[in-house]
Every structure is written in structure tokens, then in C-alpha cells.
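Architecture at a glance
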Amino acid sequence: MSVQWSWDRAFEALPVLLEGFKITVIATVLGFLISVVLGLVIALIRQAAPRWVSVPVRAISEFIRLTPLVVQLLFVYYTFTGLSPLQIGVVVLGIHYSTYMAEVYRAGIEAVPVGQWEAARALSIAPTRTWRAIILPQAIRRVVPALGNYAVSMFKDTPFLFAITVVEMVTAAQQFGARHFQYLEPLTLAGVIFLVASYPTSLLIRRLERRLAR
């Protein structure tokens, strides 16, 4: 039996998907803010802190980065029952992606020419000021496009939140399809919305990358 597209069903599904899209955007934006800040903290600890601090942080970071996001979501969901599923999703997404952001920051820091460090030491600039005024501005400028790429990846990973009952866009599409016994329209629209939201962002990141490379 062939499945035929129904525009009436598609228009009926659209408001439901947009409501789920709102949850997707909230999870992405808040998770991204957590990841960029925590990722920078992790990178700074690994680069500048004593070994007794940096080694455990590195081990924890590697463990989080190398274990599946879904497993982390389920673990936190069943452990911290006092938090809402969306709160758990935001925090876990932020922490998970902070480990990737930390690697990006570290690459940016290590790309700063050694002469910058030597000049700062020669001028007797305090280490804190060296990091704040010389190293980090250059490093962050280099890694902005990579951070943007991870933001897009996080956006596309939000469907994993279905595992902890968060009704983001894909879950909303599945639920609509289950109610109407027709999945073609809602899942197609969900894919189109992801594309419409992601593609312009990817183009902007590429343009920014070319501009910063000059």
C-alpha cells in the first residue's frame, strides 16, 4: 500500500512541530552557553593548573567525551529525580559538549605563537593578565568557527532528549504520527525545519571562518 502526502495533515502537524522546535531551540541555546563557558574553564585548568588538578579533570573530561550522550542522559535522569527532564537535558548537553569545546579552546591556545608568551614574560606581565589580555583574545578569535560548528551539532543531537521524555521537535513529530497513524508529513516537516535552521547557520560559520583566516 503506497503512502500519499497530505497537505491538510502537514498543516495540522506544523503547529505541533513548532512547539517542539521551541524546546529544541531552548535546549540548544542554553546547552551551548553552558558548554562554551565550562569548556573554557576545562581548557584553562588543563593548560595552567597544577598536575594534581589538571590530571583528574582531564580524565573526567575524556570519560564524558568518549561515552554516549544517551547513556549520560539516562544516568542523570534516573539519578537526579528532582530536576525536570528539560533541565537535565540542558545540563547534560552542556557538559557533554563542553568536553569538545575544551579541545577546541586548547587547540586555539596552543596555536598562539610562542613569541607572545616570551614577550609577556620579558615585560614582566602577570600570568593572569597575560592570559586575559594577550592569549585568550587571540585563541578565542581562532576557534569561533569551530565553536559554531559544535553548536550546529548540538542542535542536531537534541532528538536524543526523547530518551528522558523531553518532547522536542522529532518526538513531537513521532507523537503526532502515532496519533494519526501517518508519519510521512510530520517527520518530513521536522527534517525540513532542521535543514532550514541549520543550513544558513552553517553558511554563516563558513563565511566567518574565511573572514577570520585573513
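For the structure, check the block above.
The sections below set out a description of the structure shown in this document. These numbers come from a predicted model, not from an experiment. (Residues numbered from 1 in each chain as written. Predicted model: local features only at pLDDT ≥ 70, side-chain atom pairs only at ≥ 80, totals over all residues. Heavy atoms only, no water.)

1. Digging into the environment of I134
With respect to the helices and strands, I134 occurs in helix α6 (residues 127-157). Relative accessible area serves as the criterion here: at 18%, I134 is assigned to the buried category. Linking I134 and V112, residues 22 residues apart in sequence, is a C-alpha distance of 9.4 Å. Contact partners of I134, with chain neighbours within four places excluded, come to Q116, A120, I125 and R129. (Helix = DSSP H or I, 4+ residues; strand = E, 2+ residues; numbered from the N terminus. Buried < 20%, exposed > 50% of the residue type's maximum accessible area, 1.4 Å probe, protein only. Contact = heavy atoms within 4.5 Å.)

2. Considerations on the nonpolar core
Ranked by size, the top nonpolar core spans 18 residues in total, and within it Y105, I109, I135 and L147 carry the most contacts. At the level of secondary structure, the elements contributing two or more residues to this core comprise α1 (7-48), α4 (85-111) and α6. Counting residues per element, this core draws most heavily on α6, at 7 residues. Other than its neighbours up to four places away in sequence, I135 contacts I109, V112, Q116, W117 and T130. (Core = buried A, V, L, I, M, F, W, Y, C linked by side-chain atoms within 4.5 Å.)

3. Some thoughts on a nonpolar patch on the surface
Together, V3, W5, W7, F11, L14, L18 and L184 make up an exposed nonpolar region whose accessible area comes to about 680 Å². Per-element tally for the nonpolar patch: the top contributor is α1, with 4 residues. With respect to the helices, strands and loops of the structure, L18 is situated in helix α1. Take L18: its relative accessible area is 43%, and that puts it in the partly exposed class. (Patch = residues over 30% accessible without salt bridge, like charges linked within 9 Å, V, L, I, M, F, W, Y side chains within 5 Å. Areas by Shrake-Rupley, 256 points an atom, 1.4 Å probe, with all protein chains shown as cover. Salt bridge = Lys/Arg side-chain N within 4 Å of Asp/Glu carboxyl O.)

4. Thoughts on the packing of α1 against helix α2 (residues 51-65)
The N-to-C vectors of α1 and α2 enclose an angle of 135 degrees; their axes lie 8 Å apart at closest approach. As judged from the angle between their axes, α1 and α2 are oblique. Helix-helix and strand crossings are classified by hand; for α1 and α2 the assignment is left-handed. Packed against α1, whose contacting residues are I42, I45 and R46, the element α2 presents V53, S54, V57, R58, S61 and E62 at the interface. Each residue belonging to the contact of α1 with α2 can be placed in one class, and the counts come to 4 nonpolar, 2 polar and 3 charged. (Axes fitted to C-alpha atoms, helices over the stretch in contact; angles between N-to-C directions. Parallel < 35°, antiparallel > 145°, perpendicular 65-115°, else oblique. Left-handed = near helix turned anticlockwise from the far one by under 90°. Nonpolar A, V, L, I, M, F, W, Y, C, P; charged D, E, K, R; others polar.)

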